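What the coordinates show
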Amino acid sequence: KQGGRTLEIQRLVGRSLRSVVDLEALGEVQITVDCDVVQADGGTRTAAITGGFIALHDCLSWMHARNMIRLDKVLKDYVAAISCGIYEGVPVLDLDYAEDSAAQTDANFVMTGKGGIVEIQGTAEGEPFTEEEFQALMGLARKGISRLIELQKMAVG
């Protein structure tokens, strides 16, 4: 039986990937993306979203090559995710396990290639974080996701 954390991550990955797919243009097709994070050092859900997009793109490209869909009609944008947090009073991008487990604030950002926000999950582990700290995390996330999307574009050619 799958635990609550597993189901939560599955739903997050699904929402994130669906956010860049025109479901009407896709038609009555079901796509299953199986994404296991084999070597995790914090940020498993963000890695699953970023890597899961590559798998989705590969699947849709395969369908396009067989005239099942038009890739440019179905896939609206890229999507990636990254973790940020405040560790020892400093905003940090892509927290590793040690930073994540000791962070005062932990947040996951999911954004599109065009800069659209799909989802933000943020938690203060003790003292609430300020709007200025949130803006600093958002700025880091935008930079990190922009770089991840550049890497995705290189991966899918």
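Remember, it's a predicted structure, so these values are computed and weren't measured experimentally. Residue numbers run consecutively from 1 along every chain, following the written order of its sequence. Per-residue local features are limited, in this predicted model, to residues with pLDDT of at least 70; the limit for side-chain atom pairs, both in listing and counting, is 80 or more; totals at the level of whole chains, interfaces and linings are taken over all residues. Hydrogens and waters are ignored; side-chain quantities use all the structure's heavy atoms.

1. Points about the packing of aromatic side chains
Stacked, tilted and edge-to-face pairs are distinguished by plane angle, under 30 degrees for stacked and over 60 for edge-to-face with tilted covering the rest, among Phe, Tyr and Trp rings (Trp via its six-membered ring) whose centres lie within 6.5 Å. Taken as a whole and judged by the stated rule, the model has two aromatic pairs. Look at Phe 53 and Tyr 78: their rings are 5.0 Å apart centre to centre, the planes differ by 45 degrees, and that puts the pair in the tilted class. Remark: Tyr 78 occurs in the loop between α4 (71-74) and β1 (79-87) and Phe 53 occurs in helix α3 (residues 44-65); sequence separation between them is 25 residues. Here Phe 53 matches Tyr 78 in class, with each residue buried. Here, over-ring charges are defined by two tests on the NZ atom of lysine or the CZ atom of arginine: distance to the ring centre within 6 Å, and angle to the ring normal within 35 degrees. In this structure, Lys 153 is placed above the aromatic ring of Tyr 78, and the distance from its NZ or CZ to the ring centre is 5.3 Å. A run of DSSP states H or I qualifies as a helix once it reaches four residues; a run of E qualifies as a strand once it reaches two. Both are numbered from the N-terminal end. Burial here depends on accessible area, computed with a 1.4 Å probe over protein chains only, as a share of the maximum for the residue type. Under 20% is buried, over 50% is exposed, and the range in between is partly exposed.

2. Digging into the confidence of the model for the protein
Note: pLDDT gives the predictor's confidence per residue, expressed from 0 to 100. Within the protein, residue pLDDT values average 91, and 96% of them lie at 70 or more. The secondary-structure element of the protein with the lowest mean pLDDT is helix α5 (residues 97-102), recorded at 84, while helix α6 (residues 131-156) shows the highest, at 97.

3. Comments concerning the layout of surface pockets
Using a grid of 1 Å spacing that covers the protein atoms alone, one calls a set of points a cavity when a 1.4 Å probe fits there but cannot get out, and a pocket when the set is open and has protein on both sides within 12 Å along at least five of seven lines; lining residues are those with an atom within 4 Å of a point. Grid points are joined across faces, edges and corners, and a volume is the space filled by probe spheres set on the points. Reported here for the largest pocket is a volume of approximately 660 Å³. If you list the elements that add at least two residues to the lining of the largest pocket, you get α1 (4-18), α2 (23-26) and α3. It is α1 that provides the largest number of residues to the lining of the largest pocket, a total of eight residues. For the lining of the second largest pocket, the secondary-structure elements that each account for two or more residues are α3 and β1. Ranked by residues supplied to the lining of the second largest pocket, first place goes to α3 with six residues. In this classification, Asp, Glu, Lys and Arg are treated as charged, Ala, Val, Leu, Ile, Met, Phe, Trp, Tyr, Cys and Pro as nonpolar, and every other residue, Gly included, as polar. A per-class count over the lining of the second largest pocket returns seven nonpolar, five polar and two charged.

4. A look at the pairing of strand β4 (residues 117-124)
Strands qualify as paired when DSSP identifies two bridges or more between them. Both strand β3 (residues 105-112) and β4 contribute to a ladder of seven bridges, which runs antiparallel. Considered in β4, the bridge of Asp 106 is made with Thr 123. If you look at the hairpin formed by β3 and β4, you'll find four residues sitting between the two strands, and Gly 115 has a positive phi there, around 95 degrees.

5. A look at the pattern of salt bridges
Salt bridges are counted wherever a side-chain nitrogen of Lys or Arg sits within 4 Å of a carboxyl oxygen of Asp or Glu. Enumeration over the complete set of coordinates arrives at four salt bridges. For Arg 45, the salt bridge is made with Glu 8, and the minimal N-O distance between the two is 2.8 Å. In this pair, Arg 45 is assigned in helix α3 and Glu 8 in helix α1, connecting sequence segments 37 residues apart. Judged by relative accessible area, Arg 45 falls into the buried class, the value being 12%. Judged by relative accessible area, Glu 8 falls into the partly exposed class, the value being 33%. The closest approach of N and O atoms between Arg 15 and Glu 119, which form a salt bridge, is 2.9 Å. Placement of Arg 15 in helix α1 and of Glu 119 in strand β4 is noted, with a sequence separation of 104 residues between them. Taking the relative accessible area as the measure of exposure, Glu 119 reaches 16% and is therefore buried.

6. Considering α3
Under the convention used throughout, the expected extent of a helix is 1.5 Å for every residue step, that is, one less than its residue count. For α3, built from 22 residues, the straight-helix expectation of 32 Å at 1.5 Å per residue is met to within 8% by its first-to-last C-alpha distance of 31 Å. Among the residues of α3, those classed as buried are Arg 45, Thr 46, Ala 48, Ile 49, Thr 50, Gly 52, Phe 53, Ile 54, Leu 56, His 57, Leu 60 and Met 63. Taken from the residues just after α3, Asn 67 is the one with a positive phi, measuring 55 degrees.

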